[in-house]
Amino acid sequence: MRDNSKLPVPRLSLWLTHAGLLAEQVLRAFWPFFSVLMLVLAALLLGLHDLVTVETVWGAAVVAVVALVVTAVYGVRRVHIPSRAEALIRLDETLPGRPIQALLDDQAIGAMDADSVALWQAHQARMAARAAQAEPVSPDLRLASRDPFALRYAAMLALVVGLVFGSFWRIGSVAEMAPGTAQAGPGATWEGWVEPPRYTGLPTLYLADQSGPSLVVPQGSRITLRFYGEVGAHTLTETTSPTGAELATEPEQDFVAETSGQLKIEGPAAQEWAVQIVADTAPQIAVSGRAEAEAGGQMKLPFDAADDYGVISGTARIELDLDSVDRRYGLATDAEPRDVITVDLPMPITGDRSEFTEDLIEDFSEHPWAHLPVKITLSAQDAAEQVATSEIYQTDLPARRFFDPLAAAIIEQRRDLLWSKENALRVSQVLRAVSHLPDGVFRSETAYLRLRVTLRRLEAFDKYGLKDKQQEEIAQALWDLAILIEDGTLADALERMRRAQERLTEAMQNGASDEEIAELMQELREATQDYLQQLQRLAQENGEGGEQQQGQNGESMQMSQDDLQRMMDRIQELMEQGRMAEAQQALEEFQQMMENMRVTQGQGQGGQSEGQQAMEGLAETLREQQGLSDQAFRDLQEQFNPGAQAGDSQGNEGRNGGSGRGESHEGQGQGTPDGEGEGQSGQQQSLADRQQALRNELSRQQQGLPGGGTPEGDAARDALDRAGRAMDQAEDALRGDDLAEAIDRQSEAMEALREGMRSLGEAMAQNQQNQPGQGTQEGEAQANSRDPLGRNAGANGSISTDENLLQGEDVYRRARELLDEIRRRTGDTDRPQVELDYLKRLLERF
């Protein structure tokens, strides 16, 4: 064997491995000693000796010393100091081929053979290179086999608790048998704590650890003192509580510090502190910006709040500023007394409330004080129940603005009626004058009929004395009517687009905000989109008429969707820059261009084929089914959340301009004589009847489908059969007032209809390929088939184009907006559970 001191092993690796072996031996031998030591230190840090008698303390000390000696002797007897050779062996065990042992070996045979010697030397060189790359070996410090009950961890946990919650001062005073306390003879001690109010978040102070001459504590802190031993050995004198105490000797003292003063403990180990009270300042709150109305009509009022320990809650108090009201017309009469509006202020859900900025967002559009001068006073309260109020903020109560003159007039009469019941006669006279000559004033017959019904009810109520409940009923009917006129769906897409342009013009003249401009521009975009789709549908249904009309009106205008988008973006940009004259001119040019747009698609002089007629019939069925589904969803919202209908109607109307919506509104307008419409069950019955009629129409269409005997034709018939079964299930759900189930079945029916139309189109295409000469006619028709934007119409008789209407980033932007809206409604916990389940299914599907 060679000398291991000359081995080419890294010294650091060998030293660390040697240290690891030593740590293993020490830990395995002395873990009982370390455990007992940690338990003793934990008991001293926590002051457990203060809770027992002196005899018990000395007895425990003897036991602890004996345990320490025994475990130390046990460790000394079992510990083994590892040698260098053991470290080399541990290091060699981790290396492949045991290179260290190979270096220590000698050549046993072939020592006289030169080739054998050369081979051995090469082997030694390889082993030396491998040994030179040796890494330190981690020690094995596991003690589970020696300590199966993990007593060492229990002792370590006790020591950590003592370090966190204990005090080292108690260890130093153990010889006096009163660690952390004062002693007056055997067993006479005292201890005390200062507990700040919980809302401050400050820790409790242990008085025995407070060696300074003063104490700084928050106002309202509770001071607790306990005297042990002979009664009278210690006395307390304090001037911080409202009552104070002088030479009190009770074993337990408990009081609340409210003012600065002295705290003095007399007796053995006496202590005295000058207590300084930190007052809890009152919160602060103020309006930080101008109250504005958002696009939906909600009031947005920014405010700042602050408090030294955090604001707990806040309220906003809104009262009518009667002195600033313009007392004319309906406001000239004395106002009926109304309660002051009180709403809770929003608080930060997470984070620090000591200083923050929030926005109060509330919708007061339906309140009688909407757009009238009001006084707003904000108040904030902290945990100490201190309340602070802001300065009075005077403003007109922000609410929804109505740009339609008729809707604005109805809202004004509604305000006058809510102002005072004495205005009932005047309101009825004004409404009667408005509705005297409806032509040119009312764009919807439904709105006119609802106004006349409401007018008759108001006059009847006023004749016998208008009651509070009747006043609220008429006010709600007028509000619903104004919403219908302002946001109502128009069956004619062109009229709806003109209406959106007129509302935008009104907004320009009335100085609308940027949010309102953005909302109206979005409405114009949606109305324009509906108009273009309607033009395309008419072009495909009336190809011959469209061609003749094109010949009569001259060359049609063709442009891309991007051109229209740029024009509308330019209008919005001009309005936001305040260049209203240029914006008005651009809007007029846009309106004139859209009205001059005509259908550009012609389909020759021949009539429609049987397949085209079947495809158009199925397309109409699909549109009517979509309208039924939309109406069922709105009824579901109204059934479980009546307030959501008004808030969501505008966005829905822009995307559902089909016949289903128009029929729905008309049905509501021609309801019961009192103008309130049919009841909920009647609406479900009406939807069920319409669903049944639509199912019968689908059955009729299935009888004459072309493509029989072909795989595509059979697939179309199977899909339409599934659609019919889904319609039957939807009808049953509607008759059972299960709107959520009906909506799901209607979605299945629409999907099956689309699949059937695709299969039918494939069957028609296959049939056309088999007919000679059909390709030439089809090519000519395709060359002349264009929609108003100059795009190719859809193939196989589809009512829509195969090209994307939204191109580029618009399609993704629109998809993100729809998904964000669905997610927003899903996060609204106030919505009914059945609606939330439906929205979640939409998210899972898309």
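Just so it is clear, the structure is predicted and the values come from calculations on it, not from any experiment. (Residues numbered from 1 in each chain as written. Predicted model: local features only at pLDDT ≥ 70, side-chain atom pairs only at ≥ 80, totals over all residues. Heavy atoms only, no water.)

**Remarks on the overall build of the chain**
Scanning the chain from N- to C-terminus turns up 25 helices and 18 strands. The buried share among the 846 residues of the chain stands at 41%. A separation threshold of at least 6 residues defines the contact pool for the chain, and within that pool the share at least 24 residues apart is 72%. Just so you have it, the chain exposes about 44,200 Å², and 52% of that area is on carbon and sulfur atoms. (Helix = DSSP H or I, 4+ residues; strand = E, 2+ residues; numbered from the N terminus. Buried < 20%, exposed > 50% of the residue type's maximum accessible area, 1.4 Å probe, protein only. Contact = heavy atoms within 4.5 Å. Areas by Shrake-Rupley, 256 points an atom, 1.4 Å probe, with all protein chains shown as cover.)

**A word on the packing of helix α1 (residues 11-46) against helix α2 (residues 54-78)**
Their axes nearest at 8 Å, the elements α1 and α2 cross at an angle of 170°. Judged by the angle between their axes, α1 and α2 are roughly antiparallel. For the pair formed by α1 and α2, the contact residues are Gln25, Ala29, Phe30, Pro32, Phe33, Val36, Leu37 and Val40 on the first element and Ala64, Ala67, Leu68, Thr71, Ala72, Tyr74, Gly75, Val76 and Arg78 on the second. Taken together, the residues of the contact of α1 with α2 sort by class into 13 nonpolar, three polar and one charged. (Axes fitted to C-alpha atoms, helices over the stretch in contact; angles between N-to-C directions. Parallel < 35°, antiparallel > 145°, perpendicular 65-115°, else oblique. Nonpolar A, V, L, I, M, F, W, Y, C, P; charged D, E, K, R; others polar.)

**Concerning the sheet that holds strand β7 (residues 252-257)**
Sheet architecture is open: four strands sit in the order β2-β1-β4-β7, paired in antiparallel fashion. This sheet does not close on itself; its edge strands, each paired only once, are β2 (205-206) and β7. Looking at chain direction, strand β1 (residues 189-195) and β2 are connected through two bridges and run antiparallel. Its bridge partner lying in β2, Trp193 is registered against Tyr206. (Pairing = 2+ DSSP bridges.)

**Focus: unusual backbone geometry**
One non-glycine residue with positive phi stands out, namely His371, at about 70°. Position of His371 relative to the elements: it lies in the loop between β15 (355-362) and β16 (373-382). Look at Glu385: it is not a glycine, yet its phi comes out positive at around 65°. In this structure Glu385 comes out as exposed when scored by relative accessible area, which is 63%.

**Focus: the pattern of salt bridges**
Evaluation of the coordinates by the stated rule reveals 28 salt bridges. Here Glu292 ties to Arg290 by a salt bridge, and the two come within 2.9 Å at their closest N and O atoms. Taking the relative accessible area as the measure of exposure, Glu292 reaches 34% and is therefore partly exposed. Of the residues examined, Arg290 reaches a relative accessible area of 58% and is grouped as exposed. (Salt bridge = Lys/Arg side-chain N within 4 Å of Asp/Glu carboxyl O.)

**What to know about helix α8 (residues 405-419)**
Spanning 15 residues, α8 covers 21 Å between terminal C-alpha atoms, matching the ideal 21 Å at 1.5 Å per step. Three or more residues of α8 are buried, namely Leu406, Ala407, Ile410, Ile411, Gln413, Arg414, Asp416, Leu417, Leu418 and Trp419. One side-chain oxygen of the residue at the start of α8 lies 2.9 Å from the amide nitrogen of Leu406, identifying that residue as Asp404. (Expected span 1.5 Å × (residues − 1). Polar contact = N/O pair within 3.5 Å; in protein donor to acceptor, adjacent residues only side chain to side chain.)

**Concerning the confidence of the model for the chain**
Taken residue by residue, the chain gives an average pLDDT of 77. The fraction at 70 or more is 78%. Least confident of the elements in the chain is helix α19 (residues 659-669), whose mean pLDDT is 37; most confident is β16, at 95. Confidence over residues 177-186 falls short of pLDDT 50; this stretch has 34 contacts with residues more than four positions distant or in other chains. Overall, residues 772-810 carries pLDDT values under 50, and its contacts beyond four positions in sequence, including any with other chains, amount to 71 contacts. (pLDDT = per-residue confidence, 0-100.)

**Here we look at a nonpolar patch on the surface**
A grouping of Leu46, Leu48, Leu51, Val52, Tyr153, Met156, Leu157, Val160, Val161, Leu163, Val164 and Phe165 is seen on the molecular surface, where their side chains present a nonpolar patch of about 1,200 Å² in accessible area. The greatest single-element share of the nonpolar patch, amounting to eight residues, is contributed by helix α6 (residues 151-165). (Patch = residues over 30% accessible without salt bridge, like charges linked within 9 Å, V, L, I, M, F, W, Y side chains within 5 Å.)

**Details of the nonpolar core**
The biggest cluster of nonpolar side chains holds 34 residues, and the ones touching the most others in it are Leu618, Leu698, Leu753 and Leu760. Of all the secondary structure elements, the ones that give two or more residues to this core are α17 (610-640), α20 (680-702), α21 (711-735), α22 (739-769) and α25 (833-845). Residue contributions to this core peak at 10 residues, all from α22. Once residues within four sequence positions are removed from consideration, Leu753 is found in contact with Thr621, Leu622, Leu698, Leu720, Ala723 and Met727. One finds Leu301, Tyr393, Leu397 and Trp419 within the second-largest nonpolar core, a separate group that totals 28 residues. (Core = buried A, V, L, I, M, F, W, Y, C linked by side-chain atoms within 4.5 Å.)

**Some words on the sheet that holds strand β3 (residues 214-218)**
Pairing is mixed in the open sheet, where five strands are placed in the order β3-β9-β8-β5-β6. Each edge of the open sheet is held by one strand with a lone partner, namely β3 and β6 (245-248). With strand direction ignored, the average angle separating the axes of adjacent strands in the sheet is 20°. Two strands pair when backbone bridges link them, and β3 and strand β9 (residues 271-278) are joined in this way by five bridges, in the parallel orientation. Bridged to Val217 within β9 is Ile277.

**Quick notes on a negative patch on the surface**
The grouping of Asp363, Glu366, Asp480 and Glu638 at the surface amounts to a negative patch. Turning to its location among the elements, Glu366 is positioned in the loop between β15 and β16. (Lys, Arg positive; Asp, Glu negative; His and termini not counted. Charge placed at Lys NZ, Arg CZ, Asp CG, Glu CD.)

**Let's talk about the side chain of Asp382**
Take Asp382: it is sitting in strand β16. The side chain of Asp382 is buried and forms no salt bridge, while Arg353, the nearest opposite charge, is found at 12 Å. At 2.8 Å, the side chain of Asp382 and the backbone nitrogen of Gln386 are in polar contact. The residues touching Asp382, leaving out its near neighbours within four places in the chain, are Asp280, Thr281, Ala282, Pro283, Asp307, Gly310 and Ile312.

**Section: the pairing of β6**
With two bridges joining them, strand β5 (residues 235-238) and β6 adopt antiparallel strand pairing. For Glu238, the partnering residue across the bridge sits in β6 and is Ala245. Hairpin geometry of β5 and β6 is characterised by an intervening segment of six residues between the two adjacent antiparallel strands and by a positive phi of about 75° at Gly244.

**Looking at the environment of Glu191**
The residue Glu191 is located in strand β1 in this model. A sequence separation of 61 residues divides Glu191 from Glu252, and the C-alpha atoms of the two residues are 9.9 Å apart. Setting aside residues up to four positions removed in sequence, Glu191 forms contacts with Tyr206, Thr224, Leu225, Arg226 and Tyr228. Within the structure, the side chain of Glu191 is placed 2.4 Å from the side chain of Tyr228, a separation counted as a polar contact.

**With respect to the environment of Phe403**
Tracing the backbone shows Phe403 in the loop between β18 (393-396) and α8. For the pair Phe403 and Glu502, spaced 99 residues apart in sequence, the C-alpha separation works out to 8.8 Å. In this structure Phe403 touches Glu486, Arg503, Glu506, Ala507, Asn510, Ala512, Glu516 and Leu520, once residues within four positions along its chain are discounted.

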